[in-house]
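Chain residues, written in single-letter form:
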Amino acid sequence: MELRQLHYFIAVAEHLNFTEAAKHLFVAQSAVSQQIADLEKKIGVQLFLRNKRSVKLTSAGAVFLEEALRLISKSEEAIEKTRQADLGIIGGLKIGFLGYAERNFLPSLIRQFRRTHPKVDLYLDQFHHGMLIEALKTGELDVVFTLAFGLDNIGGIEKKSIFTEKISVVMHCDHPLANKSKLNICELSEERFITVNRRESPQGFNKTLLMCASSGFSPNIVAEPRLLNTVLLLVEAGIGIAILPKSLQLHSSPSLRFLDVEGEEAQDELVIAWRKKNTNPSIPLFLKELAYVKEGFNKPLDEI
């Protein structure tokens with residue numbers, strides 16, 4: 001049974017006249033008669049009582065009309081949903097984020113996207129740098145918010161800049177250098193460093209190594225906890241210092257000091273990244289909404 005036959009049947013049932021139905025369908029009357037005859041033969045039931053003067057639905061035909069209308073409606077709904085899915089209007093988008101640098105825009109972005117695209121389901125979760133990139137590469141995530149450092153060394157990833165993120169040296173307020181407003185990394189050559197584990201956050205770990213190497217020394221790393229919160233706890237306990245994004249200051253203990261660092265390397269970009277091969281049509285829609293929301297903020301968290 002073809003959808004065309006259902007359309008022909010519905011037209012005849014609504015007009016109760018083969019000639020009028022043919023005019024409505026813009027086909028010859030013989031084509032309508034042939035399709036109805038084929039339909040009745042396929043289902044083995046007479047759908048119309050017809051003679052030279054009138055056409056009436058049989059009781060079985062009346063039941064079939066209800067089902068035919070339902071089938072046509074469902075098929076049109078399926079076609080429309082498929083078209084919307086192709087345009088990204090419906091579907092799903094899996095989003096990963098760091099959890100500290102995005103707080104000045106991500107809630108607004110999500111609210112705006114849900115208003116404009118209510119049929120797209122959003123799945124959000126927080127990850128470390130390394131986990132974000134790995135989940136992006138495997139397809140577990142569609143888009144991620146992360147720092148740009150090291151991304152250019154990973155093939156197949158596109159990114160767009162959101163804002164520049166300052167990098168700070170974090171230490172306890174009792175540290176001898178804590179009262180300085182700004183320092184040079186070379187002043188830290190004798191310090192004990194704490195970093196997030198390299199497997200968990202290769203970007204953060206390598207950023208620390210690079211900044212120290214550029215100042216002529218290799219950092220004395222005394223602890224590599226898995227969690228960023230643990231890094232902050234150990235710094236607060238006086239076990240060592242850390243090199244971290246300054247935006248963490250808004251969510252850290254008041255006993256910690258975040259000191260600005262001299263030099264071009266004391267900053268990084270927060271970016272949104274996605275795989276070039278990812279064909280999820282909701283990604284460009286999300287990027288478009290991000291561009292709108294981005295117009296409402298021009299400063300990183302520590303400057304607001």
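As annotated in an unreviewed UniProt entry, the protein carries the name Transcriptional regulator AlsR family and comes from Clostridium aceticum. Quoted verbatim from the Sequence similarities (unreviewed entry) field of the UniProt record, the comment on the protein reads "Belongs to the LysR transcriptional regulatory family."

A. Local environment of unusual backbone geometry. The phi dihedral of Leu-16 falls on the positive side, at around 50°, and the residue is not glycine. Structurally, Leu-16 is set in the loop between α1 (3-15) and α2 (18-25). Residue Leu-16 is classed as partly exposed on the basis of its relative accessible area of 38%. For Phe-26, which is not glycine, the phi dihedral falls at a positive 60°. Among the secondary structure elements, Phe-26 is positioned in the loop between α2 and α3 (29-43). A relative accessible area of 77% places Phe-26 in the exposed class.

B. Layout of the environment of Ala-22. Considering the arrangement of structural elements, one finds Ala-22 in helix α2. Exposure remark for Ala-22: the relative accessible area of 4% places this residue in the buried category. Separated by 11 residues in sequence, Ala-22 and Ser-33 place their C-alpha atoms 9.0 Å apart. Among residues more than four places away in sequence, those in contact with Ala-22 are Val-27, Ala-28, Gln-29 and Val-32.

How each quantity is defined
Residues numbered from 1 in each chain as written. Predicted model: local features only at pLDDT ≥ 70, side-chain atom pairs only at ≥ 80, totals over all residues. Heavy atoms only, no water. UniProt positions renumbered as here; feature names shortened; annotations may be inferred. Helix = DSSP H or I, 4+ residues; strand = E, 2+ residues; numbered from the N terminus. Buried < 20%, exposed > 50% of the residue type's maximum accessible area, 1.4 Å probe, protein only. Contact = heavy atoms within 4.5 Å.

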